[in-house]
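Single-letter residue listing:
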Amino acid sequence: MRLNILIGGKAGQGINKISDIITNILNKEGYFTFNYRDYQSLIRGGHNFNIVSISDGRVGSFESRLDGVVALDDKTLEMHKNELKKNGFVVSFKGFEDLGRNVNIALAGALIKVLGIDKKVLFDELREELNVSGAETAAEKGYNSGKEKFKLKKLNNRILSMTGTEGVVEGAINSGIDFYFAYPMTPATGVLHELAGKAEKNKFKVFLPENEIAVVNMALGASFAGKKVLIGTSGGGFDLMTEALSFQGQSEIPLTVYLASRPGPGTGVPTYTAQSDLDVALRAGHGEFPRVVIAPGDPIECIEKTNEAMYLAEKFNSLSIILSDKHLAESEFSSDRKANKTIKIEVKRKIPGKDIVKASGYEHDEKGNMIESAEITKKNADRRMKKYEDIKKEAEKFEMIKIFGKKDSKNLVIGWGSTKTVILDAIKDLDFKFLQVLYLKPLSDEIKKEMEKAGKVVIVETNVTGQLGRLIREKTGIKIENRILKYDGRPFLCDELREELMRI
């Protein structure tokens, strides 16, 4: 069973609230959900919509054809009516205009009736999550106006729903974060807001400096003093940080960066998605120095990989980058899987105040004193680059790649980051194996082995040039001829990707 329901209207009309009520109820009833948010860079007006996918099995994408539309304005139905299936339903705002700001609650009630869920479940949810005057009256009116189309019976699944943003936050808190520094930039801002709301309870600090240059330099200062730090930004802010990233490479002060991508170049399409920042994550900063780049593919992996990134940064005095994007950061995924056990992070290096410690952007000797010796310069460069071997050996204790689908299939799909869940949905019942790349730097040797076993290899990415494909060719010598690339700012649709894979 699978349903795709679009909820649309103007910014400020409470679209997200309807989606939250519906997905919370469905999860408690044992159903898996996926909630995609599509919004313009506007505070009020325009056209925004969410697509909620509902299933009795795991789901991580949406399809091009809709089972229903919930319309908070005329424009929503006008724009999306042609996407409705032949027997699709419509829940309209008309008849509820007198409810003012509670129109969205009425439509949530009407949708619950359409899904065939008991009214008591709706009211229990409203009492638990919403303290708004007139909400129950609006929900009652909406529920009574609706017509039951489905009969969703309660299932025994225990479901947790969260966004990629929430996963990163949980991973950071689990890791014992001391400081989070960030300057607001969509789609990384969500982590700033979430951590700020949890800082006092969990005894860490969140600070918003004047710009991204200050963010990274303050973080390096706090890390130098022995604190576990995380910083967050998107592409434009990351560009401003690159000089300090190079300073990290020379000073070897542990630093972890959360980089949530959006389309570029420049300001790009700020509220939409792309996997176009892999190249800059791999190479930003002048000079040659080691780093870790990890790309989780769902919120549970965000918890785990944030913990691993912070652990590796501290253990090897290195730079770690957690690479995400708007789609993963802001979509809501459901899961019945729990995160792996948290890795404890210990600060064992020398700390100022307890020892004499020097950290310099100049090449230096073992005591931190500036040098210009050719012999020491080469020795230090070799030592820094040897960290890659040590980091890779340590990373192999974790999941650097994952394999899904038919394990003996000769058709291999390769993807990373937010393409994970849509690839999993698209290859269901197809003769495909899916290789998910989680560690982009260092890259697992298993990737080449899997490619050599395959008959046909397909790369799936949301960028223009196939950046992972190019990285794999650089590291393995194998060129991937079959590429499915999407770069209009929107994620892949499940049926769209499935058709492309079957064509290839």
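What counts as what
Residues numbered from 1 in each chain as written. Predicted model: local features only at pLDDT ≥ 70, side-chain atom pairs only at ≥ 80, totals over all residues. Heavy atoms only, no water. Core = buried A, V, L, I, M, F, W, Y, C linked by side-chain atoms within 4.5 Å. Buried < 20%, exposed > 50% of the residue type's maximum accessible area, 1.4 Å probe, protein only. Helix = DSSP H or I, 4+ residues; strand = E, 2+ residues; numbered from the N terminus. Pairing = 2+ DSSP bridges. Axes fitted to C-alpha atoms, helices over the stretch in contact; angles between N-to-C directions. Left-handed = near helix turned anticlockwise from the far one by under 90°. Contact = heavy atoms within 4.5 Å. Nonpolar A, V, L, I, M, F, W, Y, C, P; charged D, E, K, R; others polar. Salt bridge = Lys/Arg side-chain N within 4 Å of Asp/Glu carboxyl O. Arc of directions from axis to C-beta. Parallel < 35°, antiparallel > 145°, perpendicular 65-115°, else oblique. Lys, Arg positive; Asp, Glu negative; His and termini not counted. Phe/Tyr/Trp six-rings, centres within 6.5 Å; stacked < 30°, edge-to-face > 60°. Lys NZ or Arg CZ within 6 Å of the ring centre and 35° of its normal.

### Focus on the nonpolar core
Ranked by size, the top nonpolar core spans 49 residues in total, and within it Ile-177, Tyr-180, Val-191, Leu-230, Tyr-258, Leu-312 and Tyr-439 carry the most contacts. Broken down by element, the residue count for this core peaks at 6 residues, all from helix H11 (residues 299-316). By size, the runner-up hydrophobic cluster in this structure holds 43 residues, among which are Phe-238, Leu-245, Val-293 and Leu-468.

### Notes on the sheet that holds strand E13 (residues 332-335)
One open sheet accounts for 7 strands, arranged E5-E4-E1-E3-E2-E13-E6; its pairing is mixed. The two strands at the open ends of the sheet, each matched to only one other strand, are strand E5 (84-92) and strand E6 (160-163). The sheet shows a mean angle of 20° between the axes of neighbouring strands, direction not considered. Sheet analysis places strand E1 (residues 2-11) next to strand E3 (residues 45-55), joined by 9 bridges and oriented antiparallel. For Ala-11, the partnering residue across the bridge sits in E3 and is Gly-45.

### Quick notes on the packing of helix H6 (residues 164-174) against helix H7 (residues 189-202)
Relative orientation and spacing of two packed helices are given, respectively, by the angle between their axes and the distance between those axes. Here H6 crosses H7 at 35°, and the two axes come no closer than 9 Å. H7 is crossed by H6, and the crossing has right-handed handedness. Where H6 approaches H7, its residues Thr-165, Glu-166, Val-168, Val-169 and Ile-173 are matched on the opposing element by Gly-190, Val-191, Glu-194, Leu-195, Lys-198 and Asn-202. Along the lines of polarity and charge, the residues of the contact of H6 with H7 split into 5 nonpolar, 3 polar and 3 charged.

### A few points about unusual backbone geometry
Going from Gly-264 to Pro-265, the amide bond is cis rather than trans, its omega being -5°. Structurally, the position occupied by Pro-265 is in the loop between strand E10 (255-261) and helix H10 (278-283). A cis amide bond links Lys-441 to the next residue, Pro-442, at an omega of 0°. Structurally, the position occupied by Pro-442 is in the loop between strand E17 (439-441) and helix H15 (446-453).

### Side note on the side chain of Thr-256
Inspection of the secondary structure puts Thr-256 in strand E10. Among the residues examined, Thr-256 registers a relative accessible area of 2% and is labelled buried. Ignoring sequence-local partners within four residues, the contact set of Thr-256 consists of Val-229, Leu-230, Ile-231, Ala-309, Met-310, Ala-313, Ser-320 and Ile-322.

### With respect to the pattern of salt bridges
Applying the stated criterion to the full structure yields 41 salt bridges. One salt bridge in this structure joins Asp-425 and Arg-2, with 3.8 Å as the shortest N-O distance. A residue pair is termed long-range when its members are at least 10 positions apart, and Asp-425 in helix H14 (residues 420-426) and Arg-2 in strand E1 qualify at 423 residues. Exposure remark for Arg-2: the relative accessible area of 23% places this residue in the partly exposed category. Each of Asp-279, Arg-283, Arg-470, Glu-474 and Lys-475 takes part in one network of salt bridges that share partners.

### So, helix H5 (residues 135-145)
What H5 keeps buried is the set Ala-135, Ala-138, Ala-139, Gly-142 and Tyr-143. On an axial view of H5, the arc spanned by its buried residues comes to 130°, and they lie on one face. Looking at the buried side of H5, the elements it contacts are helix H3 (103-115) and helix H4 (119-129).

### Regarding the sheet that holds strand E14 (residues 401-405)
Spatial ordering of the open sheet is given by E14-E16-E15-E18-E19, a layout of 5 strands whose pairing is mixed. This sheet does not close on itself; its edge strands, each paired only once, are E14 and strand E19 (482-485). This sheet shows a mean twist of 20° between the axes of neighbouring strands, independent of strand direction. Note that strand E18 (residues 456-461) and E19 share 4 bridges and pair parallel. Looking at the pairing, Ile-459 lines up with Arg-483 of E19.

### Details of the environment of Ile-173
Considering the arrangement of structural elements, one finds Ile-173 in helix H6. Ile-173 sits in the partly exposed class, given a relative accessible area of 22%. Here the alpha-carbon distance between Ile-173 and Lys-203, two residues 30 residues apart in the chain, equals 9.6 Å. If we skip the residues at most four places from it in the chain, Ile-173 touches Leu-195, Lys-198, Asn-202 and Phe-204.

### A word on the packing of H4 against H5
Where H4 contacts H5, the axes come no closer than 11 Å and their chain directions differ by 155°. Considered as vectors, H4 and H5 are oriented roughly antiparallel to each other. Crossing angle aside, the handedness with which H4 passes H5 is right-handed. Of the residues in H5, those in contact with Lys-119, Leu-122, Phe-123, Leu-126 and Arg-127 of H4 are Ala-135, Glu-136, Ala-139, Glu-140, Tyr-143 and Asn-144. Per-class residue counts for the contact of H4 with H5 are 6 nonpolar, 1 polar and 4 charged.

### Considerations on the side chain of Asp-277
Its location among the elements puts Asp-277 in the loop between E10 and H10. No salt bridge is formed by the buried Asp-277, whose closest oppositely charged neighbour, Arg-262, lies at an N-O distance of 7.7 Å. Setting aside chain neighbours within four positions, we find Asp-277 in contact with Gly-235, Leu-259, Ser-261, Arg-262, Leu-323 and Gln-467.

### Thoughts on the packing of aromatic side chains
The geometry of an aromatic ring pair is captured by two quantities: the separation of the ring centres and the angle between the planes. In this structure the tally under the stated criterion is 8 aromatic pairs. Consider the rings of Tyr-36 and Phe-62, whose centres lie 4.7 Å apart with planes at 20°: the pair is stacked. One end of the pair, Tyr-36, is in strand E2 (residues 32-38); the other, Phe-62, is in the loop between E3 and strand E4 (66-71), with 26 residues separating them in the sequence. Relative to Phe-207, the ring of Phe-181 lies with its centre 6.4 Å away and its plane at 70°, an arrangement referred to as edge-to-face. Of this pair, Phe-181 sits in strand E7 (residues 179-182) while Phe-207 sits in strand E8 (residues 205-207); the two residues are 26 residues apart in sequence, bridging distant segments of the chain. According to the relative accessible area criterion, Phe-181 is buried, its value standing at 5%. Clustering of aromatic rings is evident, with ring pairs tying together Tyr-36, Phe-49 and Phe-62. Just above the ring of Phe-316 sits the side chain of Lys-315; from NZ or CZ to the centre is 5.9 Å. In this structure, Arg-490 packs its charged tip against the face of Tyr-272, placed 3.8 Å from the ring centre.

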